[in-house]
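# Chains, contacts and geometry: an overview
Okay, here's what each chain looks like letter by letter:
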Amino acid sequence: MTFPISFEFFPPKTPEGADKLRVVRQALYARKPQFCSVTYGAGGSTQEGTFGVVKAILDEGVDAASHFSCVGATKQTVRAQLQQLKDMGVKRLVALRGDLPSGYGLGGEFHYASDLVTFIRDEFGQDFHIEVAAYPEMHPQARNPEADLQAFLAKVKAGADSAITQYFFNADAFCRFQEDLQKRGVDLPVIPGIMPITGSTQLMRFSDACGAEIPRWIRLRLQGYGDDVASIRAFGLDVVTQMCEDLRRRGAVGLHFYTMNQSAATLAICDRLGL
């Protein structure tokens, strides 16, 4: 049996970006992904673009998962949008609280991702496979690790089918998270999120914003390469492949790649892993 992998894309902002993403998708489809997910902007700001890419993936014969965030939304709009996705043939959702656009307060009828999962189950039963987010290193807005774990367990109780993690570069953090779930009798499949390393500055800025820890030895090596992109990519390929091998050896049920709408780095990791 082949090891399950999946890929994440974001909706392009330009026609050139859309053309490029089509080429990237075709290159990655050769790896037979279980599904491809498409992100959703703050406050649903990219909804049209997200749904458009989801439809394109389905039309290309691949299972597509739409990210779906609920913060600031009403039950009426969420119900209509979910019906739209169902009518498109979407069978899989990544249910998220989502980020508010800057300057907005926490409005709407949903305050947590668990509220959204409950609503989807109440309104649509088992029509959708529901993925939720997991944070092996703790959500950046959580009060403490236990509060974060309880928030995750609330999503499980609400009816989540499986979870995808925030990316990380420390396999021990993921395995500890799995152990914490097992101690509480939770056997929900949790898929590690994998971020290929293709550059230094953007990765560090992105990681600081979303609470993903870059281990000091990796950060120092990346900084030491300066503007030497080839060395950064070679080092990144070694580090991320090694971590993926470690995760598989320690029982990971799949790998979910954050492609950043690029194919080269993800394909290189898949080649090394024999996927």
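Everything below is about the structure printed above this text.
Residues numbered from 1 in each chain as written. Predicted model: local features only at pLDDT ≥ 70, side-chain atom pairs only at ≥ 80, totals over all residues. Heavy atoms only, no water.

## What to know about the overall build of the chain
Secondary structure assignment for the chain yields 10 helices and 8 strands. Once the C-alpha set of the chain is aligned to its principal axes, its extents read approximately 50 × 45 × 45 Å. For the chain, with 275 residues in total, the buried portion stands at 48%. Within the chain, contacts between residues at least 6 apart in sequence are counted, and of these 78% link residues at least 24 apart. (Helix = DSSP H or I, 4+ residues; strand = E, 2+ residues; numbered from the N terminus. Buried < 20%, exposed > 50% of the residue type's maximum accessible area, 1.4 Å probe, protein only. Contact = heavy atoms within 4.5 Å.)

## Notes on a nonpolar patch on the surface
On the surface, Phe10, Phe206 and Met260 cluster together into a nonpolar patch covering about 250 Å² of accessible area. Looking at where Phe10 falls in the secondary structure, it is placed in the loop between strand S1 (5-9) and helix H1 (15-29). (Patch = residues over 30% accessible without salt bridge, like charges linked within 9 Å, V, L, I, M, F, W, Y side chains within 5 Å. Areas by Shrake-Rupley, 256 points an atom, 1.4 Å probe, with all protein chains shown as cover. Salt bridge = Lys/Arg side-chain N within 4 Å of Asp/Glu carboxyl O.)

## Let's talk about the packing of aromatic side chains
Scanning the entire structure with this criterion turns up 12 aromatic pairs. When the centroid spacing of 5.3 Å and the interplanar angle of 70° are considered together, the rings of Phe152 and Phe177 count as edge-to-face. One end of the pair, Phe152, is in helix H5 (residues 145-158); the other, Phe177, is in helix H6 (residues 171-183), with 25 residues separating them in the sequence. Overall, Phe152 belongs to the buried group, its relative accessible area being 3%. Assessed through its relative accessible area of 6%, Phe177 is described here as buried. One aromatic cluster is present, built from ring pairs that chain together Tyr167, Phe169, Phe206 and Tyr258. The ring of Phe3 has Arg248 lying over it, and the distance from NZ or CZ to the ring centre is 4.5 Å. (Phe/Tyr/Trp six-rings, centres within 6.5 Å; stacked < 30°, edge-to-face > 60°. Lys NZ or Arg CZ within 6 Å of the ring centre and 35° of its normal.)

## Some remarks on the sheet that holds strand S6 (residues 162-167)
Spatially, 8 strands are ordered S1-S2-S3-S4-S5-S6-S7-S8 in a closed barrel, and the strand pairing comes out parallel. Each strand axis lies, on average, 30° off the axis of its neighbour in the sheet, ignoring direction. In this sheet, S6 lies alongside strand S5 (residues 129-134) in parallel orientation, the contact comprising 4 bridges. Note on S6: the bridge partner recorded for Glu131 is Ser162. (Pairing = 2+ DSSP bridges. Axes fitted to C-alpha atoms, helices over the stretch in contact; angles between N-to-C directions.)

## Topic: empty space enclosed by the protein
Applying the stated criterion across every chain yields a total of 1 cavity of 30 Å³ or more. Roughly 40 Å³ of volume is contained in the largest cavity. If you go around the largest cavity, the residues you meet are Tyr135, Pro136, Glu137, Met138, Gln166, Tyr167, Phe168, Cys210 and Gly211. The residue inventory of the lining of the largest cavity, partitioned by class, reads 6 nonpolar, 2 polar and 1 charged. (1 Å grid on protein atoms, 1.4 Å probe; cavity = no way out; pocket = protein on both sides within 12 Å on 5 of 7 lines; lining within 4 Å. Points joined across faces, edges and corners; volume = space filled by probe spheres on them. Nonpolar A, V, L, I, M, F, W, Y, C, P; charged D, E, K, R; others polar.)

## Looking at the side chain of Gln166
Tracing the chain through its elements places Gln166 in strand S6. Given the relative accessible area of 17%, Gln166 is considered buried. When near neighbours in sequence (up to four residues on either side) are disregarded, Gln166 contacts Ala134, Tyr135, Pro136, Gly193, Cys210, Ala212 and Tyr258.

## Side note on the nonpolar core
Ile57, Phe152, Phe169 and Leu247 are the most contacted members of the largest nonpolar core, which has 85 residues in total. Each residue touching Phe169, except ones within four places of it in the same chain, is listed here: Met195, Ile197, Leu203, Glu213, Ile214, Pro215, Ile218, Val240 and Met243. (Core = buried A, V, L, I, M, F, W, Y, C linked by side-chain atoms within 4.5 Å.)

## A look at unusual backbone geometry
The phi angle at Met138 is positive, at roughly 85°, despite the residue not being glycine. Looking at the secondary structure, you find Met138 in the loop between S5 and H5. The class of Met138 is partly exposed, set by a relative accessible area of 25%. Within the chain, Met260 stands out as a residue other than glycine whose phi angle is a positive 55°. Locating Met260 in the fold gives a position in the loop between strand S8 (255-258) and helix H10 (264-273). On the accessibility criterion, Met260 (32% relative accessible area) is partly exposed.

## Examining the state of the cysteines
If you walk through the whole model with that rule in mind, you get 0 disulfides. Between Cys36, a cysteine without a disulfide, and Cys270, which holds the nearest cysteine sulfur, the sulfur-to-sulfur distance is 11 Å. Accessibility expressed as a relative area gives 0% for Cys36, which makes it buried. (Disulfide = S-S within 2.5 Å.)

## Some details on the environment of Pro12
Mapped onto the fold, Pro12 is located in the loop between S1 and H1. Its relative accessible area of 23% is what places Pro12 among the partly exposed residues. Taking the C-alpha atoms as reference points, Pro12 and Thr50, separated by 38 residues in sequence, lie 8.8 Å from one another. If we ignore the near neighbours within four places in the chain, the residues touching Pro12 are Gly17, Ala18, Leu21 and Val53.

Purely geometric numbers; function is a separate question.
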